[in-house]
Amino acid sequence: MSSEQALWSESEYPKLQPGVLRLYSNRFCPFAKRTRLLLEHKNIPHEIVNINLADKPKWYTEKVSCLGMVPAIQCGDVIIFDSIIVNEYLDSVFQDNRLVPEDPYKVAKDKMLAEIWAKVLRQCGKMFTCHSGNESEVIPDLLAELDHIDEELKIRNAPFFGGDKPMMIDFHIWPHMERIVHYSQLYEECKLDNGRFRHLTPWIGRMMSLPVVIKTKTPLEWFRLFIESVKAGKTDCDIGLAE
Ligand SMILES: N[C@@H](CCC(=O)N[C@@H](CS)C(=O)NCC(=O)O)C(=O)O
C-alpha cells in the first residue's frame with residue numbers, strides 16, 4: 001500500500017511522532033492543496049496523511065476536526081483546521097519567507113479579493129456537483145466571475161496578486177484555478193481565452209512554472225478520472241497511485 005493512499009473508516013489512527021508536523025489532506029482537495037503549497041514553498045518539514053472523505057475514519061472527526069474536513073494540521077497537542085486559518089498560523093510560526101504581507105492595507109485588500117474569489121469557488125462547487133451535461137449551464141457564470149479576478153490583477157498591475165512574487169493570496173487562489181484550467185481542457189466552452197482574460201492567463205503561466213506548483217500538480221487525466229468516479233457515486237481519491 002502506498003503511504004499516500006487515503007485512510008478510510010477501517011484505518012487505524014497513525015501514531016504521531018514527537019515533533020513531526022502532520023498535514024491531513026486529500027490528493028484531490030483544492031483547499032488542502034493551499035496548505036501543501038505553503039508547506040513546500042516555505043520548506044517546512046511535514047508528513048501527509050490522506051483522508052478518504054467519502055468514507056472517513058471515525059477518529060478523524062473525534063480527534064482531529066469535528067467538521068470532518070481537510071486540511072487540518074497536528075503537531076503534538078496543537079490541532080488546527082481550515083486552510084486559511086492553518087496557512088496564516090504556519091506563516092506566522094515559520095517566519096522565514098513570509099507570505100502574508102506586512103502592510104495592513106495589503107492584508108485587507110487580499111482579504112477582499114478572497115471574498116471575490118469565494119464567488120468563483122461557488123461556481124466551481126456547482127461544476128463539481130453537477131451531473132454530466134449540465135456543466136455548460138454553469139460555465140458562463142464561472143467565466144463571468146473570473147472576469148472580476150482578471151480585472152483585479154489588471155488593477156494590481158503586477159505579475160502576481162501578491163506583487164512581484166507569489167504571496168499567500170496567489171497560493172489561496174491557485175488550487176481552484178488549476179481545476180478551472182483542467183475544466184478549460186475538458187470543456188470547449190470553458191476555454192480561457194487570452195483575449196478575454198488578458199491578465200489572468202499570463203498569471204496562470206507564471207504560477208505553472210513555480211517549482212511548488214509543478215511538484216503538487218494534479219495531472220489532467222487523474223482529475224478527469226476522479227471527476228468520473230465522483231459522478232458515478234464511487235469517489236476514488238487514490239487515482240494515480242501505484243497499487
Ligand atoms: N473552509 C474549508 C473548506 C475545506 C473543504 O471544503 N474540504 C473538503 C474537501 S475539498 C472536505 O473536507 N469535505 C469533507 C466533508 O465536507 O465532509 C477550508 O478552507 O479548509
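One structure accompanies this document, and this report is about it.

What counts and how
- Residues numbered from 1 in each chain as written.
- Predicted model: local features only at pLDDT ≥ 70, side-chain atom pairs only at ≥ 80, totals over all residues.
- Heavy atoms only, no water.
- Helix = DSSP H or I, 4+ residues; strand = E, 2+ residues; numbered from the N terminus.
- Rg over C-alpha atoms; globule rule 2.2 N^0.38 Å.
- Buried < 20%, exposed > 50% of the residue type's maximum accessible area, 1.4 Å probe, protein only.
- Contact = heavy atoms within 4.5 Å.
- Areas by Shrake-Rupley, 256 points an atom, 1.4 Å probe, with all protein chains shown as cover.
- Lys, Arg positive; Asp, Glu negative; His and termini not counted.
- Charge placed at Lys NZ, Arg CZ, Asp CG, Glu CD.
- Polar contact = N/O pair within 3.5 Å; in protein donor to acceptor, adjacent residues only side chain to side chain.
- Near = heavy atom within 4 Å.
- Nonpolar A, V, L, I, M, F, W, Y, C, P; charged D, E, K, R; others polar.
- Salt bridge = Lys/Arg side-chain N within 4 Å of Asp/Glu carboxyl O.
- Core = buried A, V, L, I, M, F, W, Y, C linked by side-chain atoms within 4.5 Å.
- Domains from an automatic or database assignment.
- Expected span 1.5 Å × (residues − 1).

This part takes up the overall build of the protein chain. Helix and strand counts for the protein chain stand at 9 helices and 4 strands. Written out in order from the N terminus, the α and β elements of the protein chain read β-α-β-α-β-β-α-α-α-α-α-α-α. A compact globule built from 243 residues should have a C-alpha radius of gyration of about 18 Å, and the protein chain, at 18 Å, falls within 12% of that. Each principal axis of the C-alpha distribution contributes one length, and for the protein chain these read about 50 × 45 × 30 Å. Counting every position in the protein chain, which comprises 243 residues, the buried fraction comes to 46%. Within the protein chain, residue pairs in contact and separated by at least 24 positions form 70% of the contacts whose partners lie at least 6 positions apart. When the accessible area of the protein chain is evaluated, it comes to approximately 12,600 Å², of which 53% is carbon and sulfur surface. Looking at the protein chain, you have 30 positive and 35 negative side-chain charges, and the mean spots of the two groups are 2 Å apart.

With that out of the way, let us pick up the side chain of Glu 135. If you trace the backbone, Glu 135 turns up in helix 5 (residues 135–156). Looking at Glu 135, the relative accessible area reads 3%, which means it is buried. At a separation of 3.1 Å, a polar atom in the side chain of Glu 135 contacts the side chain of Tyr 187.

Around the ligand lies a shell formed by Cys 29, Pro 30, Phe 31, Leu 53, Lys 56, Gly 68, Met 69, Val 70, Pro 71, Asp 82 and Ser 83. At 2.5 Å from an oxygen atom of the ligand is found a side-chain nitrogen or oxygen belonging to Lys 56. In this structure, Ser 83 approaches the ligand through a side-chain N or O atom, which is 2.6 Å from an oxygen atom. Notes on the ligand: free accessible area 520 Å², of which the protein chains cover 70%. Here the residues of the shell around the ligand sort into 7 nonpolar, 2 polar and 2 charged.

Now for the pattern of salt bridges. What the rule picks out here adds up to 14 salt bridges. Between Asp 91 and Arg 98 there is a salt bridge, with the nearest N and O atoms lying 3.2 Å from each other. A relative accessible area of 0% means that Asp 91 is categorised as buried. On the basis of relative accessibility, which here comes to 31%, the residue Arg 98 falls in the partly exposed class. Here Arg 196 and Asp 147 are joined by a salt bridge, their closest N and O atoms 2.8 Å apart. Pair noted here: Arg 196 is in the loop between helix 6 (168–186) and helix 7 (200–208) and Asp 147 is in helix 5, with a separation of 49 residues, a long-range link. If you follow the salt bridges from partner to partner, you end up with Lys 42, Asp 91 and Arg 98 in one network.

Counting 49 residues, the largest nonpolar core has Trp 117, Leu 146, Phe 161, Met 177, Ile 180, Leu 192 and Trp 203 as the members making the most contacts within it. Looking at this core, the elements that each hand over two or more residues are helix 1 (30–41), helix 3 (83–93), helix 4 (104–129), helix 5, helix 6, helix 7, helix 8 (211–215) and helix 9 (220–231). Among the elements that take part in this core, helix 6 stands out by supplying 9 residues, more than any other. If you count residues domain by domain, this core takes at least three from each of domain 1 (22–98) and domain 2 (104–209). Sequence-distant contacts of Ile 180, defined by excluding residues within four places in its chain, comprise Trp 117, Val 120, Cys 124, Leu 142, Leu 146, Cys 190 and Leu 192. Residues Tyr 24, Cys 29, Ala 32 and Tyr 60 belong to the second largest nonpolar core, which totals 11 residues.

Spanning 12 residues, helix 1 covers 16 Å between terminal C-alpha atoms, matching the ideal 16 Å at 1.5 Å per step. Within helix 1, 9 of the 12 residues are buried, leaving the element largely enclosed by the surrounding structure. Where helix 1 is buried, its residues touch strand 1 (22–25), strand 2 (47–50), helix 3, helix 4, helix 6 and helix 8. Immediately downstream of helix 1, the backbone of Asn 43 shows phi near 55°, a positive value.

Fair warning: the whole summary comes from geometry, so function is off the table for now.
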